[in-house]
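Residues per chain are reported as follows:
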Amino acid sequence: MAPVSHFRGRRGGRAALAATSAVAVLGLTACSIDLSNLRPGGGEEEPSPEPAEPVAAAPLLENALADLAAYPALTATGQIAETVGSSEVRDASLTVADTGATSGTIRANSVEADVLAADGKLFIRAIEDFWLDQGVFGPDFDDFNENWVRSSAAQAGLNPSSTLAPPELSAILSAIELDSEEAVEENLDGTLTHRVDLAGERNQIWINAETEQIQRIAIEELVPEGAETGPQVRLDLAEADTAAVEELYDGVIATAEEDLTGSRDARIEVGWDGNPAMNCEDGPNCTWSGTVRDAGGDGSGEVTVRMDVTFTNADIGEQTCDDGGTLEAGSTLDLSCSADYNIVSSTQQTYTIDGEAQLSTRGLTGGQQEDMLAALAEQREATLAGGAPAEEESEEDEGN
């Protein structure tokens, strides 16, 4: 018997209504007498404050970016959108190490999700509503709810490892040309800063006048090296202290050890390509064959897919088999497995065998977990020592 496919409809968009009101206020005006001319010195005009000396933007920005590149980790708090002009703006609060290791949260449509990145891999943990809002479907969708799921940059809104790791962010910002040679003195949330205007319609960096560290960035398109597009961001930045760095790595390592091997993968919508076939010969010896594909057509990377098949007969019981492989975005993968009841009888018997196949994905295999833990241990030591090793991304992880 062919497997039954279940389809979920995407939830409609959520609308928020805002009510506004106007209040009329009656103002009372009183007369006052200016007695300042009766005081000694009265009547003399107060001297105008001297205008602030102009600050050259180039050396100020160069020093701030060099400082940023040397951060062991940073905290980033604010808003992100996947692309310029995107209707979905997300709140983000992230801690990102110089190696790209990341922990934090994003909030989309009032639904908060945990974010974790390590060893070039990005994971999200959220309730089912988050995934429905993303239009994500898959054979193991029921396992997504409140569990870690391997995700793409599009689903998170950005890839923090390639955009917000301090050396990466510094390099991206350095590649944007200045729009003005002078920085503008500006009060930012009660702090004196120098605003540096970069090329583009809304590219600006605010540098703390006292610490000379970057306090806020507003960038239309934060494009990582080798990519064509990037997220739009407005983020407050701060250097993370040693305690925050240790907390970041301890949390990421614990999650990698305990939770990620059971994770699923949402980067590709896995589905059957046509109808799978089931054939049984004497034995009974039954084979299940089928082809899976990128059913969404807009997946990224490559996903580990597993097929578990159960053959059933009320009289002779069950037999199982499985097969698996790697499905690349936009491609197909052939799967096949067999189970032999191997019944020996002096008389010929006929059996009706039912078959059912279940597809699932794996966000992290056992081998990948070992590699991740080894990399995190090395990166943690290097970050705390003040010099993170360069993270080598495999081909499957680029842009994911």
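Residues numbered from 1 in each chain as written. Predicted model: local features only at pLDDT ≥ 70, side-chain atom pairs only at ≥ 80, totals over all residues. Heavy atoms only, no water.

The name an unreviewed UniProt entry assigns to the chain is Lipoprotein, from the organism Nocardiopsis codii.

This next bit is on the state of the cysteines. Across all of its chains, the model carries two disulfides by this definition. Between the sulfur atoms of cysteine 280 and its disulfide mate cysteine 286 the distance is 2.0 Å. A torsion of 110° about the S-S bond marks the disulfide between cysteine 280 and cysteine 286 as right-handed. Cysteine 280 gets classed as partly exposed once you look at its relative accessible area, which sits at 38%. There is a disulfide in this structure between cysteine 321 and cysteine 337, and the S-S distance comes to 2.1 Å. With the S-S bond torsion at 55°, the cross-link from cysteine 321 to cysteine 337 turns out right-handed. One end of the pair, cysteine 321, is in strand 18 (residues 317-328); the other, cysteine 337, is in strand 19 (residues 332-340), and 16 residues separate them in sequence. (Disulfide = S-S within 2.5 Å. Buried < 20%, exposed > 50% of the residue type's maximum accessible area, 1.4 Å probe, protein only. Helix = DSSP H or I, 4+ residues; strand = E, 2+ residues; numbered from the N terminus.)

On to the side chain of threonine 163, then. Positionally, threonine 163 belongs in helix 4 (residues 160-163). Given the relative accessible area of 2%, threonine 163 is considered buried. Once residues lying within four places of it in the same chain are set aside, the contact partners of threonine 163 are Leu158, Glu168, Leu169, Ile172, Leu222, Pro224 and Pro231. (Contact = heavy atoms within 4.5 Å.)

Quick look at the packing of helix 1 (residues 57-69) against helix 5 (residues 166-174) now. In the contact formed by helix 1 and helix 5, the axes pass within 7 Å of each other and the chain directions differ by 155°. Considering their axes alone, helix 1 and helix 5 lie roughly antiparallel with respect to each other. Touching Leu65, Leu68 and Ala69 of helix 1 are Pro166, Pro167, Leu169, Ser170, Leu173 and Ser174, all from helix 5. Per-class residue counts for the contact of helix 1 with helix 5 are seven nonpolar, two polar and no charged. (Axes fitted to C-alpha atoms, helices over the stretch in contact; angles between N-to-C directions. Parallel < 35°, antiparallel > 145°, perpendicular 65-115°, else oblique. Nonpolar A, V, L, I, M, F, W, Y, C, P; charged D, E, K, R; others polar.)

For the rest of this paragraph, the subject is the packing of aromatic side chains. Under the definition given, this model contains three aromatic pairs. Taking the centre distance of 5.1 Å and the plane angle of 90° together, the rings of phenylalanine 130 and tryptophan 131 count as edge-to-face. Both residues of the pair, phenylalanine 130 and tryptophan 131, count as buried. An aromatic cluster is built from Phe130, Trp131, Phe141 and Phe144, whose rings are joined through pairwise contacts. (Phe/Tyr/Trp six-rings, centres within 6.5 Å; stacked < 30°, edge-to-face > 60°.)

Glancing now at unusual backbone geometry. Peptide bonds are trans in most cases, and residues, glycine excluded, mostly fall at negative phi. The omega torsion across glycine 283 and proline 284 is -20°, close enough to zero to call that bond cis. With respect to the helices, strands and loops of the structure, proline 284 is situated in the loop between strand 15 (277-281) and strand 16 (285-294). Positive phi outside glycine occurs at aspartate 119, with the angle close to 55°. With respect to the helices and strands, the residue aspartate 119 is situated in the loop between strand 5 (111-118) and strand 6 (121-126). Classification of aspartate 119 by relative accessible area gives buried; the value is 17%. The backbone phi angle of aspartate 189 is positive, close to 50°, even though this residue is not glycine. As for its placement among the helices and strands, aspartate 189 is situated in the loop between strand 8 (182-188) and strand 9 (191-197).

Quick look at helix 6 (residues 242-258) now. Taking 1.5 Å per residue as the helical rise, helix 6 with its 17 residues ought to reach 24 Å, and the 24 Å between its terminal C-alpha atoms agrees with that figure. Buried within helix 6 are the following residues: Val245, Leu248, Tyr249, Val252, Ile253, Thr255 and Ala256. Buried residues of helix 6 fall within an arc of 165° about the axis and therefore sit on the same side. Those residues of helix 6 that are exposed and angled more than 90 degrees off the buried face are Glu247 and Glu258. (Expected span 1.5 Å × (residues − 1). Arc of directions from axis to C-beta.)

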